[in-house]
Structures are given as C-alpha cells and as structure tokens.
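Reading the structure
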Amino acid sequence: MTTTPASDDDDADDDSALGEKRIRADMGEGTLAFITSPFSQGFDDDERKPSIAVKNVDQYFGEGENKKQVLFDANLDLYPGEIVIMTGPSGSGKTTILTLIGGLRSVQSGSLVVNGRELNGMSREDLVSLRRSIGFIFQAHNLFDAYSAVQNVGLALELGDCPASEMRTRSIEILTRLGLGHRLENRPAQLSGGQRQRVAIARAVANRPRVILADEPTAALDKDSGREVVKLLRERATEDKATILIVTHDNRILDVADRIVTMVDGRVSSNVNVKEADAICNFLRRCDTFTGLPAPALLEISQKMKRERFRPPAKVIEQGAMGDKFYVVRQGALSIFVEKDGVTRKVGTVGKGGFFGEAALLTGAPRAATVAVDSPCELYSLGKDDFTKAVAANAGLRGQLVSLAVTR
Ligand SMILES: Nc1ncnc2c1ncn2[C@@H]1O[C@H](COP(=O)(O)OP(=O)(O)OP(=O)(O)O)[C@@H](O)[C@H]1O
Ligand SMILES: [Mg+2]
C-alpha cells in the first residue's frame, strides 16, 4: 500500500482543525477497537441544492410523420453561483434546452425544476412569471427600436425592484461598464451588432436575476468587450449567487466556466465540473501510477471517479479483503492500521490529496492494511475495472507490465 501525507501547502484552511482530531482518543496504540459503520450518512448539511434540475427530459418537434426527437433523456444539475458553458455541434439541442429552462417552451416529458418550481405542467401564467425572473441574452436581441440604450435597460429595471429614482443611474452604470458610455442615447438602429448585443446583456443582468441564460453572448463582440461581458457575468455569479448558463462556441471565454457541458445529438455527452476535475487531476498526478499521464487522460480518469463520504469510525478498506477500488482523499483524515501476529498497529495517516488502495489492484494481492476514518471524509473512488482500463489504456511500457500483472 502506498500513502502520501496530507498536503500542507494548499489545504491549511479546512484540514488544520481536522488534523488535531486525526488520532482519536479512543483508539489506543496498537488496538483496533472500532466498529464499521455504513458510509454516506448525515452529510446533507453541507449539500448544495441545484437551482436548475433537468431530469429525464425528452423533447420533440413536429407532429405525426414529421415528429422528431431532439432531446434524449437529458439530465443536468446546475448550482447557484456557477457559470456553466454549454458547447456542442450545431443542431445538438443546446438552444432547445435553454428555452425549456427559461420557460419559453413547454416541457413535454421528464422533470425540469428551476428555483424550486416544476416547469412540466406549469400554467401559462406561471411560465410568464418565471420568465420575468430570468435574465435572457439571446442572439435575436429583442431590443425596443424606439428607445435609446439607456431606456431599453430602464424598461427591464421597471420589472424589478429598482427604485425609480435610481433607474437611470443604474442603467448608465451598467452600459458604461460594457463600453457603451458614449452610446447611451442611441437607438438600436444606430448601434453596431456588437453594441446592440451589449445593450441586451445590460438589460438581462440589470435586475440581478438568479438565473441568466445566454445563447452565444459574445459571438458578435471583439476580445475586450467579450472579456468585459464575462467579467460582468462572473460578478453576478459571485455576488448574487446567480446560475449562469452560456451556450457558446467562443473558445476565448472557456476559462470562465465552472462547469462545461457538451451536447451531442440531443444528449448530454459530458458534464465536467472544471474545478473539481482540476483538483482530482492534481491529486492523481501525485500517484506513481498516474504521474506523467497527459491532461486528457487524467481528465478521463477523473470523470470516472465517484465521490463517497464516510464518517468515523467507518473502515474504508480492510486488511485481507480483495481490492475493489482505488481512493483519493478529497477532504478529511484517515488512519492506517496493520495487523500482524494478532497485534494491530497504527502505521500512518492519510489526508487531503493522499491516496490509497492501488497496491491491491496493481498486484491482485489482498489489502495489506486497514484504513479507518478519523474525521468526516470525502473520497474520490475509482472502481477496479476503470482503474485497470485506465492503467492499460494510458500507460507506457511500465504501466502495461503492471496492467498485465493486474489482469493475469
Ligand atoms: N422550432 C423547431 N421546429 C422543428 N425543429 C426544430 C425547431 N427548433 C429546433 N429544431 C431542431 O431541433 C434540433 C436542435 O436544435 P437546437 O436549436 O436546439 O440546436 P443548437 O444546438 O442550438 O444548434 P446551433 O448551435 O446551430 O444553435 C435541430 O435538429 C433543429 O433542426
Ligand atoms: Mg442554438
């Protein structure tokens, strides 16, 4: 078994307190006096609730002979404060999902909950009120031609709770942020496509909606204006905990994403939590088995890992058992015990970023130690089959030899 110590460079925040609890008082040196408990219990206190939950949604266009399915069992959870970028080929169903979430189209099958409200079966009136609570940035901007840029933004503010006396100031402030300070009194016809797009964006975010849906918001913009839009959206996500879903082909703004969802042929083909995937990849790099793998291979492995939670005094793995999973510690602290000649000794600890369980998978031998939970833990686990495949598919000669050893 290989273990790594808790990293002490990047986790001073939450792990220092846990460290003190690491060695539980009731675990006397050399004795194993704890009982196994089921895992995944009692952690719901810190669980985030999705603001948008798409479940088993199928969607069709047309009738009879012309009926065509465009969404197939779409599933997607999006959270408050998150910027989600949705990509995928033309015709893959991105705009369809966006319009369903925005209540612009009726959900035909499955469940779609936005800010706690089920859209499937929702009355027209309720759909209209839902739309009002959402900021839309669509390619067809729907600006009012007879009004100036400031007035267009002001009209949106009238729907919200902005005091009338502050509407003009607030409109000017947002438009100026988007580089339109010199175009405040121009009507849409007097603006370029990119400028109109920015007025539409100003209008969509003016009321600080909790959900913002954007279809190619930066396509018509130059690099600097595109960055300004992204900055503004990031502020809304951070300050208002808004959920922001952006459909885009614009690679220049990919770095803003907290989550990247890819649609292919009406299906959600991948859904990557960027920060989490990045953290897992960094953890994996520390493990000999995966060191040196290129980023795409690491990403693929990270996507197969499942998050599991354990509370003390659970034992994650037990000495003598056959290996079935490889574990990386997301947070928490665990102790390693080895039993020999009837005496059990604590031989080490493992904390955030540490890993264990790969030795038994690599060699096929039973677990060489027991790993027990000291403080509530979140672990990423990779099942034996995925572990074996990852090693076999990605490894160089050394890894291939190892994988032969595993499958023999
Ligand atoms: N109103 C409609 N009536 C019939 N079919 C439609 C309608 N709107 C979209 N579709 C079809 O549904 C599928 C998904 O379209 P959608 O607009 O969601 O794709 P998209 O991923 O947004 O594509 P793009 O990147 O080109 O905007 C396509 O095959 C499209 O032709
Ligand atoms: Mg589209």
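Our subject is the structure listed above.
Quick look at the structure, then. Because the structure is predicted, anything quoted here is derived from the model rather than measured.

This part covers the overall build of the protein. Of regular secondary structure, the protein possesses 12 helices and 16 strands. With 408 residues in all, the protein has 39% of them scored as buried. Of the contacts formed within the protein by residues at least 6 apart in sequence, a portion of 72% connects residues at least 24 apart.

Turning to helix H8 (residues 274-285), a few remarks are in order. Think of an α-helix as turning once every 3.6 residues; residues three or four places apart then point the same way. Its 12 residues give H8 an end-to-end C-alpha distance of 16 Å, which sits within 8% of 16 Å, the value for a rise of 1.5 Å per residue. Of all the positions in H8, only Ala277, Ile280, Phe283 and Leu284 are classed as buried. In a view along the axis of H8, the buried residues occupy a sector of 125°, so they form one face of it. Elements that come into contact with the buried residues of H8 comprise strand S10 (267-273), helix H9 (295-304), strand S13 (325-340), strand S15 (355-356) and strand S16 (370-383).

This part takes up the packing of H8 against H9. Angle between the axes and distance between the axes are the two parameters that describe a pair of packed helices. Where H8 contacts H9, the axes come no closer than 9 Å and their chain directions differ by 110°. If you check the angle between H8 and H9, you find them roughly perpendicular. Along the contact surface, H8 presents Ala277, Ile280, Cys281, Leu284 and Arg285, while H9 presents Ala295, Leu298, Leu299, Ile301, Ser302 and Gln303. Residue composition of the contact of H8 with H9, by class: eight nonpolar, two polar and one charged.

The next thing to look at is the site of ligand 1. Around ligand 1 sit Phe61, Gly62, Val70, Gly88, Ser90, Gly91, Ser92, Gly93, Lys94, Thr95 and Thr96, and that is every residue in its neighbourhood. A total of three residues in the shell around ligand 1 trace back to one element, the largest contributor, which is helix H2 (residues 94-101). In terms of residue class, the shell around ligand 1 is made up of two nonpolar, eight polar and one charged.

Here the focus is the nonpolar core. Among soluble globular proteins, nonpolar side chains are generally buried collectively. In this structure, Val84, Val153, Ile212 and Leu245 are the most contacted members of the largest nonpolar core, which totals 61 residues. By size, the runner-up hydrophobic cluster in this structure holds 38 residues, among which are Tyr327, Ala360, Val371 and Cys377.

Next up on the list: the sheet that holds strand S4 (residues 109-114). If you walk across this open sheet you meet the four strands as S2-S1-S4-S5, and the pairing is antiparallel. Edge positions in the sheet fall to strand S2 (68-78) and strand S5 (117-118), since each has one partner strand and no second. The pairing of strand S1 (residues 52-61) with S2 spans seven bridges and is antiparallel. By the bridge assignment for S2, alanine 53 is matched with aspartate 77.

Another point: the sheet that holds strand S9 (residues 259-264). Within a sheet, each strand pairs with its neighbour through backbone hydrogen bonds, oriented either parallel or antiparallel. Spatially, the six strands line up as an open sheet ordered S6-S7-S8-S3-S9-S10, and their pairing is mixed. Looking at strand neighbours, the two that pair on one side only are strand S6 (134-137) and S10, the edges of this open sheet. For this sheet, the mean angle separating the axes of adjacent strands, direction not counted, is 15°. Bridging between strand S7 (residues 211-215) and strand S8 (residues 243-247) involves five bridges; their strand directions are parallel. Within the sheet, the bridge partner assigned to valine 211 lies in S8 and is threonine 243.

The interhelical angle for the contact between helix H4 (residues 149-158) and helix H6 (residues 193-205), taken along N-to-C directions, is 25°, at an axis separation of 8 Å. It follows from the interaxial angle that H4 and H6 lie roughly parallel. Between H4 and H6 lies a crossing whose hand is right-handed. Contacts between H4 and H6 involve Ala149, Asn152, Val153 and Ala156 on the former and, on the latter, Val199, Ala202 and Arg203.

Of all the eight residues making up H2, six are buried; the element is thus mostly covered by neighbouring parts of the structure. All of the buried residues along H2 are Lys94, Thr95, Ile97, Leu98, Leu100 and Ile101.

For the rest of this paragraph, the subject is the environment of leucine 191. By the secondary structure assignment, leucine 191 is in the loop between helix H5 (164-177) and H6. Apart from residues lying up to four places away in sequence, leucine 191 is in contact with Arg183, Asn186, Arg196 and Val199.

All right, on to unusual backbone geometry then. The omega angle of the peptide bond from proline 312 to proline 313 is 5°, so this bond is cis rather than trans. Its place among the elements puts proline 313 in the loop between strand S11 (306-310) and strand S12 (315-317). Not every positive phi belongs to a glycine, and glutamate 216 is a case in point at roughly 50°. Within the element layout of this structure, glutamate 216 appears in the loop between S7 and helix H7 (223-240). Its identity is not glycine, yet aspartate 341 carries a phi of approximately 50°, on the positive side. Relative to the elements of secondary structure, aspartate 341 occurs in the loop between S13 and strand S14 (343-350).

Rules of the game
Residues numbered from 1 in each chain as written. Chains lettered and ligands numbered in written order. Predicted model: local features only at pLDDT ≥ 70, side-chain atom pairs only at ≥ 80, totals over all residues. Helix = DSSP H or I, 4+ residues; strand = E, 2+ residues; numbered from the N terminus. Buried ≥ 20, exposed ≤ 12 C-beta atoms within 10 Å, placed from the backbone. Contact = placed C-beta atoms within 7 Å. Expected span 1.5 Å × (residues − 1). Arc of directions from axis to C-beta. Axes fitted to C-alpha atoms, helices over the stretch in contact; angles between N-to-C directions. Parallel < 35°, antiparallel > 145°, perpendicular 65-115°, else oblique. Nonpolar A, V, L, I, M, F, W, Y, C, P; charged D, E, K, R; others polar. Near = placed C-beta within 6 Å. Core = buried A, V, L, I, M, F, W, Y, C linked by C-beta atoms within 7 Å. Pairing = 2+ DSSP bridges. Left-handed = near helix turned anticlockwise from the far one by under 90°.

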